[in-house]
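Okay, here's what each chain looks like letter by letter:
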Amino acid sequence: MDVLIAFLVVGAIALVLGILLALICHFFATPDDATQVKIRACLPGINCGACGYKGCDDYAAALAQGGVKPNLCIPGAQAVADEIGAILGVEAEPFEDKVAFVACNGHCEATRKKADYEGVPNCKGAAMLYGGPGTCTYGCLGLGDCANACPAEAICMIDGIARVDTSRCLGCGLCATICPKKIIQMVPQETAVVVMCSSKDKGADARKACQNACIGCKKCEKTCPHGAITVVDNLAVIDYSKCTGCGACADCCPTGCLKKVVFPNLPEGVDAEDLINTQFEVPHGEE
Amino acid sequence: MFKTLIIILLSSVLVDNYVLSRFLGICPFLGVSKKLDQATGMGIAVTAVMLIASAVTWPIQYWVLNPLEMGYMQNIVFILVIAALVQMLELLLKKFSPSLHKGLGVYLPLITTNCAVLGVTIQNIIDDYTFLESMVSALGVGLGFLLAMVLFSGVRSRIDESNIPAPFRGLPVTLIAASFLSLAFMGFGGIVENIFA
């Protein structure tokens, strides 16, 4: 008998609470914003976070609220920006395509190792140990953290350094975030000249560590007709808003670390598709 | 009367602090105390839920469970009621105060099964508090939780900046710091009762 009473009472309380919840849900529910749902449908839904929001849902909510630019979705590019612009009734600003670029050219022949590294096989681990096994402490460690982070398999390791296949690059910037050396930059797709070095050592030291290093000689700074290059901390930095892509700097650079590029910037004669299918030997975990 | 309420309030904030003396609600205390703003949000949300939960469970105990001699079902009924309450609170907040909902949003569902909330409702019954006294006690416990969270988030931000020996990094040093804070609160023992003596 006691059991029955307990059963009935608890059941009754649960029923009352359930009905209350249902009523509240029915009368006070906030309908999902129709615009937000529409916008969310346009977004690619891979939740890469490149827009600066927590995911596609969050970005859609921010857009529906207003005051946010519709062209922040990088994987979606111009098409998605236009669609969202149409829903919100605003003209989407032209979309700036960005690609990842590895600012290092310290491949096997240009630089040496000061030690053999046998620790945890990733860049993060190697970087913790005296800045990595290479003679240059700024350069690419070549253990492929960026390649593992890349959702589009656009990064592969060639001659000990990471190279980006820009035809595959989504521009999400995940690699730039994960790189412990912070040498991956997000540059405009139309970039014509790049500085393939991140070394902030003084000229002689940088050169000793790597043949392809920027030695901070300031020749490019003087040569550039548009004043787009400045040498900061022994390293040339290009202001892409001023650069016209004339290439005068690349022609005068004594170490060849300033390079004219037409993305994709894989070495000549290497086909990205082949590379990923056949020679792609980036340590993808233990699989 | 007034004196009793003040004593209940002060002793539940300082002497019988739920986190630091009774070791209830340790999960959010360690989990959400990394940043001051999060700790404050969680503390305020817990305080609100404790007040509402006490206001509802007290009548249920005295008007439903006691007359039916069903005191042994207390835990289950209280858990049920608190969980449903938090859900209702969330729905209503979303409708009437979206900004508050956004502020508390993440923490509200976390509180559903927080043992400190269940603890305060049950303790109110054990201590034979009247309705008013149990509300004051809930407020005090909530404020005590808020105080502990805020203090500890300050301690943790200092821990983050210091150079800690490798074996103690992370959780161990956090637990040691929590034990020091708990020791410090033991100093309040016996103070409140004697202030008004």
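Keep in mind that this is a model prediction, so the values were computed, not measured. (Residues numbered from 1 in each chain as written. Chains lettered and ligands numbered in written order. Predicted model: local features only at pLDDT ≥ 70, side-chain atom pairs only at ≥ 80, totals over all residues. Heavy atoms only, no water.)

K.L.:
Tell me about the overall build of chain A, and name the residues and values.
P.N.:
Regarding its fold elements, chain A presents 11 helices and 8 strands. By residue count, 42% of the 287 residues in chain A fall in the buried class. Counting only contacts in chain A whose residues sit at least 6 apart along the sequence, the fraction spanning at least 24 positions is 59%. Summing over all exposed atoms, chain A offers an accessible surface of approximately 15600 Å²; the carbon and sulfur share of this is 55%. (Helix = DSSP H or I, 4+ residues; strand = E, 2+ residues; numbered from the N terminus. Buried < 20%, exposed > 50% of the residue type's maximum accessible area, 1.4 Å probe, protein only. Contact = heavy atoms within 4.5 Å. Areas by Shrake-Rupley, 256 points an atom, 1.4 Å probe, with all protein chains shown as cover.)

K.L.:
Outline the overall build of chain B, supporting the account with residue identities and numerical values.
P.N.:
Along its length, chain B carries 10 helices and 0 strands. Listing the helices and strands of chain B from first to last along the sequence gives α-α-α-α-α-α-α-α-α-α. Burial statistics for chain B: of 197 residues in total, 47% are counted as buried. Partitioning the intrachain contacts of chain B with sequence separation of at least 6 by distance along the chain shows that 78% fall at a separation of at least 24. Working note: accessible area of chain B is about 9900 Å², and carbon and sulfur atoms make up 70% of it.

K.L.:
Could you give me a rundown of helix α9 (residues 171-186) of chain B, with the residues and numbers involved?
P.N.:
All names here are of chain B. With 16 residues, α9 should cover 22 Å at 1.5 Å per step; its first-to-last C-alpha distance of 23 Å lies within 8% of that length. By the burial criterion, the buried members of α9 are V173, T174, A177, A178, L181, S182 and F185. Contacts made by the buried residues of α9 are with α1 (2-15), α2 (26-31) and α8 (131-161). (Expected span 1.5 Å × (residues − 1).)

K.L.:
So what's going on with the interface of chain A and chain B? Which residues, and what values?
P.N.:
In this complex, chain A contributes 15 residues to the contact, which on the side of chain B involves 16 residues. Both sides together, the interface formed by chain A and chain B hides about 1400 Å², and carbon and sulfur atoms give 89% of it. Taken together, the connections running from chain A to chain B amount to 0 salt bridges. Here chain A is connected to chain B by 0 residue pairs in polar contact (both at pLDDT 80 or more). (Buried area = accessible area lost by both parts, 1.4 Å probe. Salt bridge = Lys/Arg side-chain N within 4 Å of Asp/Glu carboxyl O. Polar contact = N/O pair within 3.5 Å; in protein donor to acceptor, adjacent residues only side chain to side chain.)

K.L.:
Tell me about the packing of helix α2 (residues 34-42) of chain A against helix α3 (residues 56-65) of chain A, and please be specific about residues and values.
P.N.:
Residue and element names in this part refer to chain A. Contact pair α2 / α3: the axes reach a minimum separation of 8 Å and the direction vectors enclose 135°. The angle between the axes of α2 and α3 places the two elements in the oblique class. Crossing handedness for the pair α2 and α3: right-handed. Contacts between α2 and α3 involve Q36, I39 and R40 from the former and C56, D57, A60, A61, L63 and A64 from the latter. Taken together, the residues that form the contact of α2 with α3 break down as 6 nonpolar, 1 polar and 2 charged. (Axes fitted to C-alpha atoms, helices over the stretch in contact; angles between N-to-C directions. Parallel < 35°, antiparallel > 145°, perpendicular 65-115°, else oblique. Left-handed = near helix turned anticlockwise from the far one by under 90°. Nonpolar A, V, L, I, M, F, W, Y, C, P; charged D, E, K, R; others polar.)

K.L.:
Please give an account of the nonpolar core that cites residues and values.
P.N.:
Formed by 56 residues in total, the largest nonpolar core has its most connected members in F29, M42, M50, V77 and I111 of chain B. For this core, the secondary-structure elements that each account for two or more residues are α1 (2-28) of chain A together with α2, α3 (36-65), α4 (74-96), α6 (107-111), α7 (115-126), α8 and α9 of chain B. Each residue touching F29 of chain B, except ones within four places of it in the same chain, is listed here: V19, L20, A148, M149, F152, A178 and L181 of chain B. (Core = buried A, V, L, I, M, F, W, Y, C linked by side-chain atoms within 4.5 Å.)

K.L.:
Could you give me a rundown of the layout of surface pockets, with the residues and numbers involved?
P.N.:
Residues and elements named next belong to chain A. Considered as a void within the structure, the second largest pocket measures approximately 450 Å³ in volume. For the lining of the second largest pocket, the per-class residue count stands at 15 nonpolar, 12 polar and 4 charged. Counting contributing residues per domain, the lining of the second largest pocket is built from domain 2 (101-188 + 267-282) and domain 3 (192-260), each supplying no fewer than three. (1 Å grid on protein atoms, 1.4 Å probe; cavity = no way out; pocket = protein on both sides within 12 Å on 5 of 7 lines; lining within 4 Å. Points joined across faces, edges and corners; volume = space filled by probe spheres on them. Domains from an automatic or database assignment.)

K.L.:
I'd love a proper account of the pattern of salt bridges, names of residues and values included.
P.N.:
For the structure shown, the criterion picks out 2 salt bridges over all chains. Ionic pairing is found between R40 of chain A and D57 of chain A, a salt bridge with its closest N-O pair at 2.6 Å. One end of the pair, R40 of chain A, is in helix α2; the other, D57 of chain A, is in helix α3, and 17 residues separate them in sequence. Classification of R40 of chain A as partly exposed rests on a relative accessible area of 27%. Taking the shortest distance from any N to any O, the salt bridge between R22 of chain B and D16 of chain B comes out at 3.5 Å. With a relative accessible area of 32%, R22 of chain B lands in the partly exposed category. Relative accessible area serves as the criterion here: at 30%, D16 of chain B is assigned to the partly exposed category.

K.L.:
Quick one: what's the story with the pairing of strand β2 (residues 155-158) of chain A, residue by residue and with numbers?
P.N.:
All names here are of chain A. Relative to strand β3 (residues 161-164), β2 runs antiparallel, the two being bridged by 4 bridges. For M157, the partnering residue across the bridge sits in β3 and is A162. Counting the residues in the hairpin turn of β2 and β3 gives 2 residues, including D159, whose phi is positive at 50°. (Pairing = 2+ DSSP bridges.)

K.L.:
If you had to explain the side chain of D145 of chain A to someone new, which residues and values would you point to?
P.N.:
Residue and element names in this part refer to chain A. Tracing the backbone through its elements, the reader meets D145 in helix α6 (residues 145-149). Polar contacts involving the side chain of D145 include one to the main-chain amide nitrogen of C123, which spans 3.0 Å. Those residues in contact with D145, other than ones at most four positions away along the chain, are N122, C123, K124 and I178.

K.L.:
Residue-level account of the confidence of the model for chain B, with values.
P.N.:
In the predicted model, chain B carries a mean pLDDT of 87, and 97% of its residues have values of at least 70. Overall fold confidence for the complex sits at a pTM of 0.54, while the interface term, ipTM, reaches 0.76. (pLDDT = per-residue confidence, 0-100.)

K.L.:
Let's hear about unusual backbone geometry: which residues, and what values?
P.N.:
Backbone geometry follows two general trends: most residues other than glycine have a negative phi, and most peptide bonds adopt the trans configuration. Backbone geometry places K182 of chain A, a non-glycine residue, at a positive phi of 55°. Following the sequence through the fold, K182 of chain A ends up in the loop between α7 (174-178) and β4 (184-188). The exposure class of K182 of chain A is exposed, given its relative accessible area of 53%. In this model, D128 of chain B sits at a positive phi of 55°, which is unusual for a non-glycine residue.

K.L.:
Provide a residue-level description of the confidence of the model for chain A, including the pertinent values.
P.N.:
Residues and elements named next belong to chain A. Model confidence for chain A is summarised by a mean pLDDT of 80, while 88% of its residues fall at 70 or above. Across chain A, the element-wise mean pLDDT spans from 43 in helix α11 (residues 272-279) up to 89 in α1. Between residues 272-287, whose pLDDT stays under 50, and residues either more than four places distant or in other chains, the model counts 24 contacts.

K.L.:
I'd love a proper account of the packing of aromatic side chains, names of residues and values included.
P.N.:
Scanning all chains against the criterion turns up 4 aromatic pairs over all chains. Feature note: the residues W58, Y62 and F131 of chain B constitute an aromatic cluster, connected by ring pairs. (Phe/Tyr/Trp six-rings, centres within 6.5 Å; stacked < 30°, edge-to-face > 60°.)

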